[in-house]
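# Notes for the structure review
The lines below spell out each chain.
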Amino acid sequence: MTTLHERRVDWHALEEAAVQAMERAYAPYSKFPVGAAALTEDGRIVSGCNVENASYGLTLCAECALVGQLHMTGGGRIAAFYCVDGQGNVLMPCGRCRQLLFEFRAPGMQLMTTQGIKSMDQVLPDAFGPENLEETT
Ligand SMILES: O=c1ccn([C@H]2C[C@H](O)[C@@H](CO)O2)c(=O)[nH]1
Ligand SMILES: [Zn+2]
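Criteria and thresholds
- Residues numbered from 1 in each chain as written.
- Chains lettered and ligands numbered in written order.
- Predicted model: local features only at pLDDT ≥ 70, side-chain atom pairs only at ≥ 80, totals over all residues.
- Heavy atoms only, no water.
- Salt bridge = Lys/Arg side-chain N within 4 Å of Asp/Glu carboxyl O.
- UniProt positions renumbered as here; feature names shortened; annotations may be inferred.
- Helix = DSSP H or I, 4+ residues; strand = E, 2+ residues; numbered from the N terminus.
- Buried < 20%, exposed > 50% of the residue type's maximum accessible area, 1.4 Å probe, protein only.
- Arc of directions from axis to C-beta.
- Pairing = 2+ DSSP bridges.
- Right-handed = clockwise from strand over helix to strand, strands pointing away.

Before going further, it helps to spend a moment on the pattern of salt bridges. In total, this model carries 1 salt bridge according to the counting rule given. The partner of Arg44 in a salt bridge is Asp42, with the nearest N and O atoms 3.3 Å apart.

See the structure below:
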């Protein structure tokens, strides 16, 4: 059971970064731009937008770009996460993206949700993670 960390988060800065990322979205098919931003444990803000494709199923969620940027800019772990839709409203990450974020979570990672701040465990209970790979034979 993960508990929420007491780390103080500048949610406004994260929201702004998410909105800026959303403005870079490539979403001509769904017309549903998404921006995601994360605060790393060492204080960086990384972000990403969704990138769609004429072959619709190949669409990359905003969180895919975010974890790519996280890794490319020094790695580390995500302390807080914020995702917005085209109106700038808080958006819940899809199931696949919850799994992507789980891989890079810091202890007590906080997620802004439509129901307020939640923990990773609340949005993805009983998650499959790297430790599960150690269970074979
Ligand atoms: O967590 C999510 C959920 C959806 N989308 C994008 C994918 C697609 O381009 C659009 C509509 O599903 O929203 C994201 O970027 N992240
Ligand atoms: Zn997604």
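Now for the UniProt feature "domain: CMP/dCMP-type deaminase" (unreviewed entry) in the protein. When the UniProt feature table is mapped onto this chain numbering, "domain: CMP/dCMP-type deaminase" (unreviewed entry) sits at residues 9-131. A helix fraction of 29% and a strand fraction of 25% characterise residues 9-131, whose end C-alpha atoms lie 28 Å from each other.

One turn of an α-helix holds 3.6 residues; hence residues three or four places apart share an orientation. Cys97, Arg98, Leu101 and Phe102 are the residues of helix 3 (residues 95-103) that are buried. Angular distribution of buried residues about the axis of helix 3 spans 150°; they occupy a single face of the element.

Within strand 4 (residues 105-113), 7 of the 9 residues are buried, which leaves it mostly tucked inside the rest of the structure. In the sheet, strand 3 (residues 78-84) pairs with strand 4 via 3 bridges, with the strands oriented parallel. Pairing of Phe81 across the sheet is with Leu111, part of strand 4. For the crossover that starts at strand 3, traverses helix 3 and ends in the parallel strand 4, the hand is right-handed.

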